[in-house]
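Structural overview
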Amino acid sequence: MKKIFSNRFVMVWLIFFAVNLTLYPLASSAHSVTFTPHDYVNTDNQVIIKAYATRSNLAEVQGSGTVVKVLKDDKKGLKHQKFLLKINDNLTILIAHNIDLAPRIEHLQVGDIINFKGEYIYTPKGGTVHWTHKDPHGHHVAGYLEHKAKKYE
């Protein structure tokens, strides 16, 4: 039988999944924020909602949401700015923005609107969007975060 995944790929995926389960707090512990329909300005969120429902990963997603919790930076290995983003009334995702490769969003607060483009990885708690920056080697689709009309890539 043909080998589909390399051992290295499986190991990297398992480590990424385990780290997210350990570090990704429950959305219910997030600050209470009132949302209105205009808070979700990008209809591409439906693609992420479907991916979550089908437990799928997506190489490229684009969407928007409202910050419900700003988390501490992950300083192990490559540094990441992390926050929880509510993309509809039922789904909150983790944004993991590599601040070794892209500028961090300064003064990010609960209630801020974020537009994003990156890679979606399914997790039972809502999923993670990462690769929100340019690939310095040009092998991966570039992503970004947009906050208050400023793009971080």
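Placed above this text is the structure.
The text that follows walks through the structure, step by step, so that each part is easy to find.

The next subject is the overall build of the chain. A count of helices and strands for the chain gives 2 helices and 7 strands. In sequence order, the secondary structure elements of the chain are arranged as α-α-β-β-β-β-β-β-β. Buried positions account for 42% of the 153 residues belonging to the chain. Across the chain, every contact between residues at least 6 apart in sequence was considered, and the portion connecting residues at least 24 apart equals 60%.

Here the phi dihedral of R55 falls at roughly 55°; this positive angle occurs in a residue that is not glycine. Of note, R55 is situated in the loop between α2 (45-53) and β1 (58-70). Residue H107 is not a glycine yet carries a positive backbone phi of 60°. Position of H107 among the secondary structure elements: in the loop between β3 (91-98) and β4 (113-121).

Further remarks concern α2. Turning to α2, its buried residues are N45, I48, I49 and A51. All buried residues of α2 lie within an arc of 160° about the axis, which places them on one face of the element. For α2, the exposed residues lying more than 90 degrees away from the buried face are Q46, K50 and A53. Buried residues along α2 sit in contact with β1, β2 (80-88), β3 and β4. R55 sits one or two positions beyond α2 and adopts a positive phi of about 55°.

So, how was this worked out
Starting from 1, residues in each chain are numbered consecutively following that chain's sequence as written. Totals for whole chains, interfaces and linings use every residue, but because this is a predicted model, local features are given only for residues with pLDDT of at least 70 and side-chain atom pairs only at 80 or more, for both listing and counting. Hydrogens are left out, water is left out, and the side-chain values use all remaining heavy atoms of the structure. Each helix is a run of H or I in the DSSP string that is no shorter than four residues. Each strand is a run of E no shorter than two, and both are numbered from the N terminus. Note on classification: 1.4 Å probe, protein chains only; a residue is buried when its accessible area is under 20% of the maximum for its type, exposed when over 50%, partly exposed between these limits. Any two residues whose heavy atoms approach within 4.5 Å are treated as being in contact. To obtain the arc, one takes the directions from the helix axis to the C-beta atoms.

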